[in-house]
Amino acid sequence: MSAAAHHRLFAVLGVALVVLHVDTWNAGPGEVVLGWLPWDLAYHLLWMAAAALLVCYMTSRAIWPEDQDDP
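A brief structural summary. The numbers attached to residues start from 1 for each chain and follow its sequence in the written order. Note on the predicted model: pLDDT of at least 70 is required for a residue's local features to be given, and 80 or more for side-chain atom pairs to be given and counted; whole-chain, interface and lining totals, by contrast, use all residues. Excluding hydrogens and water, the side-chain figures rest on all heavy atoms present in the structure.

### Let's talk about a nonpolar patch on the surface
So, step 1. Together, Met 1, Leu 9 and Leu 13 make up an exposed nonpolar region whose accessible area comes to about 300 Å².
So, step 2. Put simply, DSSP marks the helices as runs of H or I at least four residues long and the strands as runs of E at least two long, and each gets a number from the N terminus on. Within the element layout of this structure, Met 1 appears in the segment before helix H1 (3-21).
So, step 3. Only protein chains enter the calculation, and the probe is 1.4 Å; a residue is then buried if its accessible area is under 20% of its type maximum, exposed if over 50%, and partly exposed in between. Overall, the relative accessible area of 71% leaves Met 1 in the exposed class. Patch membership is restricted to residues that have no salt bridge and whose relative accessible area is over 30%. Joining uses 9 Å for like charges and 5 Å for the nonpolar side chains Val, Leu, Ile, Met, Phe, Trp and Tyr. Using a 1.4 Å probe, accessible areas were evaluated by the Shrake-Rupley method; residue-level cover was limited to the displayed protein chains. Salt bridge, as used here: a side-chain nitrogen of Lys or Arg that lies within 4 Å of a carboxyl oxygen of Asp or Glu.

Written out as structure tokens, the structure is:
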């Protein structure tokens with residue numbers, strides 16, 4: 001995959017996370033997940049895990065290559 005394709009993929013994933021962060025459909029009382037975890041909290045935990053994975057991808061060599069000027 002080329003560097004430009006990696007940059008486009010990162011941009012698409014970033015926009016998707018921003019759109020998913022504004023979760024107006026998730027308001028109000030919801031179901032319970034795993035018997036004790038409210039659904040909206042589980043949703044935000046999954047969103048944070050996805051955001052952390054996106055940051056890991058952002059700092060990979062595909063998106064942020066090593067500086068060629070450093071010895």
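### What to know about the nonpolar core
Nonpolar side chains in soluble globular proteins tend to be buried together.
So, step 1. Take the buried Ala, Val, Leu, Ile, Met, Phe, Trp, Tyr and Cys residues and link them wherever side-chain atoms come within 4.5 Å; each set so joined is a nonpolar core. Listed in full, the five residues of the largest apolar core are Leu 17, Trp 47, Ala 51, Leu 54 and Tyr 57.
So, step 2. Considering each element in turn, this core owes the most residues, four residues, to helix H2 (residues 39-58).

### Brief notes about H1
Three- or four-residue spacings in an α-helix give side chains the same orientation, since the helix completes a turn every 3.6 residues.
So, step 1. For H1, built from 19 residues, the straight-helix expectation of 27 Å at 1.5 Å per residue is met to within 8% by its first-to-last C-alpha distance of 27 Å.
So, step 2. Within the span of H1, buried status applies to Ala 5, His 6 and Leu 17. Down the axis of H1, the buried side of the element spans an arc of 110 degrees, and every buried residue falls inside it. Set apart from the buried face of H1 by more than 90 degrees, the exposed residues are Arg 8, Val 12, Val 15, Val 18 and Val 19.
So, step 3. Note on definitions: a residue-residue contact is assigned when non-hydrogen atoms from the two residues lie within 4.5 Å. Where H1 is buried, its residues contact H2. Helix span, expected: 1.5 Å multiplied by one less than the number of residues in the helix. It is the directions from the helix axis to the C-beta atoms whose arc is reported.

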